[in-house]
Structure formats: structure tokens, C-alpha cells
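Observations on the three-dimensional arrangement
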Amino acid sequence: MKVTVTNMFKAAVLTSATLSATLTASTVMAAEKPDTVTVGYFLEWPTANQIAQVEKTYDKTLGVNMEWRAFDSGTAMSAAMASGDVDMAYSQGLVPFTVAVSQGLPITMVGIAVSYAENDNCVVSKQSGITQANAKALEGKKVAVPFGTVAHYKMLKVMSHLNVNSNNVHLLDMAPADSAAAIARGDVAMACGWGGALRRMKAYGDVLMTAREQEEIGIRVFDVISVNNKFAKKHPELVTQFLKVTNDSNRTFQQNPSKYQPLIAKAAGLNLEDSNQVLALFDFPLKDAQVSKEWMGGTVQQYTKEVADFFVLHKQIPKALPDYSASIDSSFYQNVK
């Protein structure tokens, strides 16, 4: 079945087309602070910044009320930011971000939330009998995957590598929790997702390709911190302060992880054991790494272009931008003291 992620963004694009896509944090006059800053995030996705979320450090430092709104996909985050309902998104997948800016949505990447590989994957059901060796057996089968996400991109990339024609696979657009339920019921041959949902999927099968094997064929996995362009233009100081608090939380967690693991687990809606197993697979880059060539100093721009071109090739989006540098702005993190 041919899948497209174009239509879900059309309304947001029409209402936001006049917004500038190019931001310069150091040259924009700060406007009066808003009463509330709304940030999109994921449940069952434990991250170091939740230390500051729970302890209200964001609220105190930014001097505003922080509203944390849970989403089940990065594509929904994009649409909410484009409509103005959400100001920032924490840990939005690179793929939904790339799809969004390729469609003209007015959002910008301002940081890397988390780098991971093992914690986002596809699981084939035990009863299907499918492995890498006979992966073409997926053709004609049902596969559950949240469209326009990192999991979606990885699945298509893996299928291409294993010579599976994804157009002959019945792809079902399902949130990770629903995908986990589908593979448990035996409704699908393979399910894709992340976090706690991925852990539940593994009770009914095995990953089709390990993270290390995926990295060997060029797949990188990381989530981003993205912001609505209008918000960033009006309140660049709030974006920088948000990144400073995030950076401090990342460092705090690195220095004493055991102290903060229970707090993070509670914030993520997971029990301690499950949360710690997820956290063990995560890396939270600090400022110096964020602005280096390994990340927003060049590598991320190049990889984003590769992801976009891949989605065009697989007819997921009509076209890619010639370059993604205008949608990736490291200046906010560079201003973090």
C-alpha cells in the first residue's frame, strides 16, 4: 500500500505559510513574556530534562508557567506547533521534523534532545516465522507503524536493504501503543515503535534488525528540540533559557543518574525498572557536542537532507528542500552560558 504523509500537514501549512523560516536568535528584539509556554513531549519516554520538568526549574528560570502536553507522535507535534497550539517540542523525531519542514511548516530545530538506536525498532511476531533471511515474506502482510516517524523511516530503510518492496506491504498507521496491542493479538506480522511500547512488542517477537546492524547501513537515530518559528522570533531569550535548563539537567543526570532515576520514571509514567532499561540506551549530548560538527555544526544538516531525499524516493513526500540549513539553528544553543 502506498503511504503518504502530505495531507496531514496541509491545513497547518495554509494557516502558517506567511511565517519566516529563517531565525536569528541574536538579532531579534524580545517581546513581552507570554503567561504560558506550551511544550510537547512523549509519555513512556524517560529523559534527563524531566528532572527540571518535575522540579519546575523551567518555570523558575524562564519566569513563565510551563505547560507540558503529551503527544503520541512527532507528526502531531508538528501540526500543533504550526497551528500555534504548541510553542516547542521536546524529543520530536528527526523524521517528523524533516517531513514537516519539507512541507513548509514553520518550525526550526534548535537542539538535539536524545541520541539512541536500540530504543526505536521493528519487531516481527514469532508466529510469522519471518527473519532477515526470508524478509520478503513481509510482502502481502500487515505491518503496524506510526507514519512519518523515525520508526517509519527506519522500517522503510531496512526493508529496502533486505530487498522487500514496501509498496507490497500493507502498512497500517498506528501509534506505538496500538502497534504493541496489534502484535499481541496476532493482527500484524510486524510492529514498529519505541519506548515502553517497544518493550511490550518484544514479548511477542524479535527485532528484524539490531540497532548495530542498522548503524552499519547508515541509519542514525536521534530526536530533536524544535520550536515554532513565530515563538522563537518573538522570544529568543526563552528558547535559549529552555536549552540552558535542559543542558543543566543533562549534566546533572550524567553526574548522578541513580539519584534521579526514580523521579524520571515517575514523570515518564513508567515503573523504575522499565524506565532505567530505556535510559540505559539513551545519550543526552551537552552543549559543546550539540554545536560541534558531529551534530548541529554540519552532520545533522547533511543527514536531514539524506532522510528527506529517501522519503522522496519512496514517494512519502513530493519533494525535498535543496538544503535544510535554514531549518536547523544552533545559535540558540551557542548563546547558552
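Before reading further, recall that the structure is shown in the block above.
The following paragraphs examine the structure supplied in this document.

Each value, and the rule that gives it
- Residues numbered from 1 in each chain as written.
- Predicted model: local features only at pLDDT ≥ 70, side-chain atom pairs only at ≥ 80, totals over all residues.
- Heavy atoms only, no water.
- 1 Å grid on protein atoms, 1.4 Å probe; cavity = no way out; pocket = protein on both sides within 12 Å on 5 of 7 lines; lining within 4 Å.
- Points joined across faces, edges and corners; volume = space filled by probe spheres on them.
- Helix = DSSP H or I, 4+ residues; strand = E, 2+ residues; numbered from the N terminus.
- Nonpolar A, V, L, I, M, F, W, Y, C, P; charged D, E, K, R; others polar.
- Core = buried A, V, L, I, M, F, W, Y, C linked by side-chain atoms within 4.5 Å.
- Buried < 20%, exposed > 50% of the residue type's maximum accessible area, 1.4 Å probe, protein only.
- Phe/Tyr/Trp six-rings, centres within 6.5 Å; stacked < 30°, edge-to-face > 60°.
- Expected span 1.5 Å × (residues − 1).
- Contact = heavy atoms within 4.5 Å.
- Salt bridge = Lys/Arg side-chain N within 4 Å of Asp/Glu carboxyl O.

Turning to empty space enclosed by the protein, a few remarks are in order. Inspection of every chain in the model, using the stated rule, returns 5 cavities of 30 Å³ or more. Considered as a void within the structure, the largest cavity measures approximately 90 Å³ in volume. Considering the residues around the largest cavity, the lining is formed by 13 residues, among which Phe 42, Gly 93, Tyr 116, Trp 194 and Asp 223 are closest to the centre. Elements supplying a minimum of two residues to the lining of the largest cavity: strand S3 (88-93) and helix H6 (150-161). Among the residues forming the lining of the largest cavity, the class breakdown is 7 nonpolar, 4 polar and 2 charged. Each pocket or cavity is described by its volume, and for the second largest cavity that value is around 60 Å³. Lining the second largest cavity are Asn 121, Cys 122, Lys 154, Met 155, Val 158, Met 190, Leu 208, Met 209 and Gln 214. For the lining of the second largest cavity, the elements supplying multiple residues, two or more each, are strand S5 (120-125) and H6. It is H6 that contributes the most residues to the lining of the second largest cavity, 3 residues altogether. The residue inventory of the lining of the second largest cavity, partitioned by class, reads 6 nonpolar, 2 polar and 1 charged.

So, on to the nonpolar core. Ranked by size, the top nonpolar core spans 95 residues in total, and within it Met 155, Met 190 and Phe 242 carry the most contacts. In terms of residues, this core owes the most to one element, H6, which gives 7 residues. Grouped together as the second largest cluster of nonpolar side chains are 11 residues, Val 123, Ala 191, Ala 197 and Leu 198 included.

On to the packing of aromatic side chains. Under the defined criterion, the tally for this structure stands at 14 aromatic pairs. Ring centres of Tyr 58 and Phe 242 lie 4.6 Å apart, and the angle between their planes is 20 degrees; on these two criteria the pair is classed as stacked. In this pair, Tyr 58 is assigned in helix H3 (residues 57-62) and Phe 242 in helix H11 (residues 236-255), connecting sequence segments 184 residues apart. Each member of the pair, Tyr 58 together with Phe 242, is buried. Note on Phe 222 and Trp 295: the rings are 5.2 Å apart at their centroids and 85 degrees apart in plane angle, and the pair reads as edge-to-face. Of this pair, Phe 222 sits in strand S10 (residues 222-228) while Trp 295 sits in the loop between helix H14 (287-290) and helix H15 (299-313); the two residues are 73 residues apart in sequence, bridging distant segments of the chain. Accessibility expressed as a relative area gives 9% for Trp 295, which makes it buried.

Glancing now at H15. Taking 1.5 Å as the rise per residue, H15 with 15 residues should run 21 Å; its terminal C-alpha atoms sit 21 Å apart, in good agreement. By the burial criterion, the buried members of H15 are Val 300, Gln 301, Tyr 303, Thr 304, Val 307, Ala 308, Phe 310 and Phe 311. Elements in contact with the buried residues of H15: helix H5 (94-102), strand S4 (107-115), H6 and S10. One or two steps after H15, the chain reaches Lys 315, where phi turns positive at roughly 60 degrees.

Right, let's get into the pattern of salt bridges. Close approach of charged atoms allows side chains with opposite charge to pair. Going through the model one piece at a time under the given rule, you end up with 8 salt bridges. Here Asp 309 makes a salt bridge to Lys 305, at a shortest N to O gap of 3.1 Å. In this pair, Asp 309 and Lys 305 both sit in helix H15, 4 residues apart, roughly one turn of the helix. Owing to a relative accessible area of 35%, Asp 309 belongs among the partly exposed residues under this scheme. Here the salt bridges do not stand alone but share partners, grouping Lys 244, Asp 248 and Arg 251 into one network.

On to unusual backbone geometry. A positive phi angle is found at Glu 44, which is not glycine, with a value near 55 degrees. Along the chain, Glu 44 turns up in the loop between strand S1 (36-42) and helix H2 (50-54).

Turning to the environment of Val 124, a few remarks are in order. Along the chain, Val 124 turns up in strand S5. Along the chain, Val 124 and Pro 96 lie 28 residues apart, while their C-alpha atoms are 24 Å from each other. Beyond its immediate stretch of four places on either side in the chain, Val 124 contacts Ile 130, Ile 183, Ala 189, Met 190, Tyr 204, Gly 205, Asp 206 and Leu 208.

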